[in-house]
Amino acid sequence: MPVEIMILAWGAILLLVHIFAAAHVKTKQYGTNWNMGARDENLPPMNPVAGRLSRAQANFQETLPIAIVALLGVVLAGRTSEWTAIGGWIWLGARIAYLPIYGLGIPKIRTLFFLVSLIGLGMILWPLLTD
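What counts, and where the lines are drawn
Residues numbered from 1 in each chain as written. Predicted model: local features only at pLDDT ≥ 70, side-chain atom pairs only at ≥ 80, totals over all residues. Heavy atoms only, no water. Helix = DSSP H or I, 4+ residues; strand = E, 2+ residues; numbered from the N terminus. Buried < 20%, exposed > 50% of the residue type's maximum accessible area, 1.4 Å probe, protein only. Lys, Arg positive; Asp, Glu negative; His and termini not counted. Salt bridge = Lys/Arg side-chain N within 4 Å of Asp/Glu carboxyl O. Contact = heavy atoms within 4.5 Å. Phe/Tyr/Trp six-rings, centres within 6.5 Å; stacked < 30°, edge-to-face > 60°. Lys NZ or Arg CZ within 6 Å of the ring centre and 35° of its normal.

Relative to the helices and strands, Lys26 resides in helix α1 (residues 3–30). Within the buried set, Lys26 has no salt-bridge partner at all; the shortest N-O distance to an opposite charge, 12 Å, is to Glu41. Non-local contacts of Lys26, meaning those with residues more than four positions away in its chain, are made with Gly31, Trp34, Met46, Ala50 and Ser54.

Okay, here's the thing in structure tokens:
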């Protein structure tokens, strides 16, 4: 199995971590009835940590489709290499680090890790864009 597929599977696990981390903190704030209910009621703003984890989740969900296209693309096109694997691990590692850094509210470093993840994606996409 190409390592890029394994990286993609770990990316799916990371999405679940994002979902559950944000839901856990929101449930602590709003209660189990909110979590298990229809969530139709108007709620006060999320506390800072819940807000940051929700934004981190949204950010990951915005960039995950790019990673899916890139990682599946190099596999389907037969363009996998040591560099696409390294790019995939860079992307995944940076995205793993991004979640707690954002959750803790550490500015600038969060952006740095986001940019590192984009470099990893670029390394994966490059073979699909060149001949």
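Next, the rest of the story.
As a further point, take the packing of aromatic side chains. Tallied over the entire structure, the rule returns 4 aromatic pairs. Between Tyr98 and Phe114, the ring centres sit 6.4 Å apart and the planes meet at 50°, which makes this aromatic pair tilted. In this pair, Tyr98 is assigned in helix α4 (residues 82–103) and Phe114 in helix α5 (residues 109–129), connecting sequence segments 16 residues apart. The exposure class assigned to Tyr98 is buried, which follows from its relative accessible area of 2%. Pairwise contacts between aromatic rings join Tyr98, Tyr102 and Phe114 into one cluster. The aromatic ring of Trp34 is capped on one face by Arg39, whose charged end is 4.3 Å from the ring centroid. Residue placement shows Arg95 over the ring face of Tyr98; its charged tip is 4.4 Å from the ring centre.

To continue, consider the environment of Thr27. With respect to the element layout, Thr27 can be found in helix α1. A residue is classified by how much of its surface remains accessible, and Thr27, at 17% relative accessible area, is buried. For the pair formed by Thr27 and Arg55, sequence separation is 28 residues and the distance between their alpha carbons is 16 Å. Apart from residues lying up to four places away in sequence, Thr27 is in contact with Thr32, Trp34 and Asn35.

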